[in-house]
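A look at the structure
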Amino acid sequence: MTERVQGVDAGVKPVPLAPPGPNGQGNGEAPRRRATAHSMAASQRDISVSEFFAKNRHLLGFDNPRKALLTTVKEAVDNALDACEEAGILPEVWVHVRSTGENRFQVAVQDNGPGILKKTIPLIFGKLLYGSKFHRLRMSRGQQGIGISAAGMYGLLTTGKPVKIMSKIDKGKPAHYYEIQIDTKRNEPEILNGKGEGDEIPCGERGRQAIEKLGIEWVEVEHGTRVTIELEARFQRGRGSVDEYLEQTALANPHVTLHYMDPEGQEKHYLRVAETLPPEPKEIKPHPYGVELGMLVAMLKDAKASTLSQFLTTSFSRVSAGVARRICEAAGLSPRASVRKIGRHEADALYKAIQETRIPAPATDCISPIGEELLLKGLHQLVPGEFYAAATRPPAVYRGNPFQIEVGLAYGGAPATHRVPKETLVELLSQSDARTLRQFLATTFDGLGVEAADQILHTAKLRRRMSPGKLKEAEIDRLHEAMQNVSLNDRQTMTVLRYANRVPLLFQAGACAITQTVMQTNWRAYGLSQSRGALPSGPVTVMVHIASVWVPFTSESKEAVAGYPEIQKELRLALQAVGRKLGMYLKRRQKARHEGERRNLFLRYLGEVATAVSRINRTDRDALYEQLLKVAKRKTAEADAKYDERGQRIDEEEDLGEHVLIVERATSPTPVPAACVAPAEHPEVAEVDDEID
């Protein structure tokens, strides 16, 4: 048998191989050494959560300077509102954004809350994933314990400046002042002032002198907290701005007073319209339907209960002794079985039995909705319109977590472009990063689509691809005039305001279940025009709020809600509820307009008809005209229909349902050709025309 070596017969002389080169490819050098199991093991180490998010700060909403400024303000304001509400204090918040250099801003947010204890200040502001809200099931704005400390870390990375915190817990006690930065490798706070212990600010005159010496801004309150962060950012008005966030926060939190000073020194004050706090949400235990198998195994391992029945009743909400007994029977386990003797197989059976057992839905006192009355009041105050409606769905459950959907709708009013003064337009044009005028209009103003932008530019005689920052004075004047005068009601796109636990969501609208459900709703059935897979057209603003013990955000930056089927179902039902009220209003308004046009038509010829008939029948013309006038008014009575502010018809027992607000609007009379105007000798016609107008 012939022996073969490397696929070559033994009797054949093998061809010599070229010596390997530096890359092992045969040019005379030794091959590169590969990593071994020992060398790879030696390079392994822990990754600090701070170090991870420092490299992946886009996950937290710090992916560009403009968004970073908004995220910093948002996290500080959300914490302030949560602290005040939890302490039973009507919130009052001061927000000051100040420019400290080119693309550098200092954000200062102060509240009148209960303050923070000295020992916890460094941990709250100098350690990621530290907080009190992650492990409890109750509605709150913050959840993860990341936001404000991540904002401080971003400020440190971009400017090298620490976070400055001053907090006071009582009028007669000293305040505490800290300058803190995060050690990202250890995820631990470093205190830079007071020899690592912080500074104590005494009460009275000595305290005021100390505050001035340290250069601290402080609004004199009996108790509260002020946090100051300097960061690299960009201030810009319009969509996704600090101005928009604060305005929408005031809308969803009518019990809050906000004082805002922007980098240009302009002040805005949003005063509260409700003098009572929303009901305080209560903490609940997890619902059995929301617990997965791995979590159940971990809970069994850490349980302090001695029996299985006791474990079920004390660890979960809505599980009584009877429900626990039925679960154990379905799992084939004894209610008196020891928790410590439950193995992996028994836990699997227990988990399946929980899913098959009928358990009441979790309690809903853990969430605090805004309410229809306050929704209407807030929308009416901040969104111009002529018709308002609100609807709150009954509480529902997803993955064992209670949630509630609320929707408010405003119809009518001028679009955003009509409310912009020329000075603001000049500022927006200079600050915009849009490449074209068309893009500037479509992205800067809410509810303004591409078609409406084209209509404005056509009227202003400007090219769509012109650069916003290079417009001349005359071109800006033409643009502003077109924005004020062009009617956009037919081309205006619906504005969707999204909220989660009273917090505005300003980014990632396309990825949010709220926006997707609004687009999937058939608004044509309610009198609005809508293209397939798009938002409807018209002067409509829809505000959607989801309140839950755990809002399923799509990312750590908390900008979009995940599309769970249970949530989308409740969203759809709430949108349909306000849509039906809008449809009824538009149908009645259209009918009133139609009847008004019919009446005008009658009035054009009543005089001639009365004259002709009186001549034929030899009757009194004026008496005949009066009778015809009464018939015309009776036949077109809908044109005179009037409704009160609740949508109820004044002269009939008919209404549009609860939680509706109708505002008197100025309407232009239906134009009548000059040739058809009634003769001057019949003043009754003019009186009726005035009545129609």
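It should be emphasised that the depicted structure is a prediction, and the values quoted were computed from it without experimental measurement. (Residues numbered from 1 in each chain as written. Predicted model: local features only at pLDDT ≥ 70, side-chain atom pairs only at ≥ 80, totals over all residues. Heavy atoms only, no water.)

Quick notes on the overall build of the protein chain
The helix and strand tally for the protein chain stands at 20 helices and 18 strands. Classification of the 693 residues of the protein chain by burial places 47% in the buried group. Across the protein chain, the fraction of contacts at a sequence separation of at least 24, relative to all contacts at a separation of at least 6, is 70%. A total accessible area of about 35,500 Å² is found for the protein chain, and carbon and sulfur atoms account for 50% of it. (Helix = DSSP H or I, 4+ residues; strand = E, 2+ residues; numbered from the N terminus. Buried < 20%, exposed > 50% of the residue type's maximum accessible area, 1.4 Å probe, protein only. Contact = heavy atoms within 4.5 Å. Areas by Shrake-Rupley, 256 points an atom, 1.4 Å probe, with all protein chains shown as cover.)

Quick look at the confidence of the model for the protein chain
Across the protein chain, the average pLDDT comes to 79, with 80% of residues at 70 or higher. Here residues 650-654 scores under 50 on pLDDT; set against residues more than four positions off or in separate chains, the count is nine contacts. Confidence over residues 666-693 falls short of pLDDT 50; this stretch has 27 contacts with residues more than four positions distant or in other chains. (pLDDT = per-residue confidence, 0-100.)

Observations regarding the side chain of His545
You can see His545 is positioned in strand S17 (residues 540-548). A polar contact is formed between the side chain of His545 and the backbone nitrogen of Asn501, at a distance of 3.5 Å. There is a polar contact of 2.9 Å between the side chain of His545 and the backbone nitrogen of Arg502. Excluding residues that lie within four positions of it along the chain, His545 makes contacts with Met139, Ile370, Gln404, Ile405, Glu406, Tyr499, Ala500, Asn501 and Arg502. (Polar contact = N/O pair within 3.5 Å; in protein donor to acceptor, adjacent residues only side chain to side chain.)

Looking at the environment of Leu624
Topologically, Leu624 is positioned in helix H19 (residues 621-635). Sequence-wise, Leu624 and Thr611 are 13 residues apart; in three dimensions their C-alpha atoms are separated by 8.7 Å. Non-local contacts of Leu624, meaning those with residues more than four positions away in its chain, are made with Ala610, Val613, Ser614 and Thr619.

Some words on the nonpolar core
Grouped together as the largest cluster of nonpolar side chains are 44 residues, with contacts concentrated most on Val77, Val95 and Leu246. When residues of this core are assigned to their parent elements, the largest contribution, eight residues, is made by helix H3 (residues 65-86). Contact partners of Val77, with chain neighbours within four places excluded, come to Val93, Val95, Val109, Tyr245 and Leu246. With 39 residues, the next largest nonpolar core counts Ile405, Trp523, Val542 and Ala560 among its residues. (Core = buried A, V, L, I, M, F, W, Y, C linked by side-chain atoms within 4.5 Å.)

Regarding the packing of aromatic side chains
Under the criterion given, the structure shown has six aromatic pairs. For the ring pair Phe62 and Tyr154, a centre distance of 5.0 Å and an interplane angle of 25 degrees mean the geometry is stacked. Linking Phe62 in the loop between helix H2 (49-55) and H3 with Tyr154 in helix H5 (residues 147-159), this pair joins segments that are 92 residues apart in sequence. In terms of burial, Phe62 and Tyr154 fall into one category: buried. On the numbers, 5.9 Å between centres and 65 degrees between planes, the contact of Tyr398 with Phe403 is edge-to-face. Summarising the burial analysis for this pair, Tyr398 and Phe403 share the class buried. What links up through ring pairs into an aromatic cluster is the set Tyr398, Phe403 and Tyr564. (Phe/Tyr/Trp six-rings, centres within 6.5 Å; stacked < 30°, edge-to-face > 60°.)

Considering the pattern of salt bridges
Applying the stated criterion to the full structure yields 17 salt bridges. Through salt bridges with shared partners, a single network forms among Arg237, Asp243, Asp262, Glu264 and Lys268. (Salt bridge = Lys/Arg side-chain N within 4 Å of Asp/Glu carboxyl O.)

Let's talk about the packing of helix H7 (residues 242-252) against helix H12 (residues 372-382)
Their axes nearest at 8 Å, the elements H7 and H12 cross at an angle of 145 degrees. Along the contact surface, H7 presents Glu247, Ala250 and Leu251, while H12 presents Gly378, Leu379 and Leu382. Taken together, the residues that form the contact of H7 with H12 break down as four nonpolar, one polar and one charged. (Axes fitted to C-alpha atoms, helices over the stretch in contact; angles between N-to-C directions. Nonpolar A, V, L, I, M, F, W, Y, C, P; charged D, E, K, R; others polar.)

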